[in-house]
Amino acid sequence: MASAGLRAYREVLRLVRRLPAETRPYYAKYARENFVNYRDLSADDDLAALLRRAYTHSTWVLSKYSIDAGKAAARLKDLSDGHAGL
């Protein structure tokens, strides 16, 4: 999980920067807590599911704040799609 997990975490933090300033600390902390909870994950199928979940949650939050989630989260989607077949 190390490589894909870290890339996904970086992408999520980049997306957090697009949120209103007053919401960023909450979502950054939420993302960190979730990634820390799963840092020892090793099974590829579990990793693929978690990456899809990260994408789904990220797009929901972006949409909540009227940010074009499809465009903003494209790299995170590519990362999650890349692990879908594993």
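If you're wondering where the values come from, they're calculated on a predicted model, not measured in any experiment. (Residues numbered from 1 in each chain as written. Predicted model: local features only at pLDDT ≥ 70, side-chain atom pairs only at ≥ 80, totals over all residues. Heavy atoms only, no water.)

Asker: Explain the packing of aromatic side chains residue by residue, including any values.
Answerer: Across all of its chains, the model carries four aromatic pairs by this definition. Pairing tyrosine 26 with tyrosine 27 gives two aromatic rings, centres 4.9 Å apart and planes at 80°, and the pair type is edge-to-face. Clustering of aromatic rings is evident, with ring pairs tying together Tyr26, Tyr27, Tyr30 and Tyr65. (Phe/Tyr/Trp six-rings, centres within 6.5 Å; stacked < 30°, edge-to-face > 60°.)

Asker: Account for the environment of valine 61, with residues named and values stated.
Answerer: Of note, valine 61 is situated in helix α3 (residues 44-64). Residue valine 61 is classed as buried on the basis of its relative accessible area of 12%. Placed 45 residues apart in sequence, valine 61 and valine 16 show a C-alpha to C-alpha distance of 9.1 Å. When sequence neighbours within four positions are dropped, the list of residues in contact with valine 61 reads Leu19 and Tyr27. (Helix = DSSP H or I, 4+ residues; strand = E, 2+ residues; numbered from the N terminus. Buried < 20%, exposed > 50% of the residue type's maximum accessible area, 1.4 Å probe, protein only. Contact = heavy atoms within 4.5 Å.)

Asker: Just give me the short version of helix α5 (residues 74-82), but keep the residues and values in it.
Answerer: Within α5 the residues assigned to the buried category are Leu76, Leu79 and Ser80. The arc that holds the buried residues of α5, viewed along the axis, is 95°, so those residues lie on one side. Across α5 from its buried face, at more than 90 degrees, point the exposed residues Arg75, Asp78 and Gly82. (Arc of directions from axis to C-beta.)

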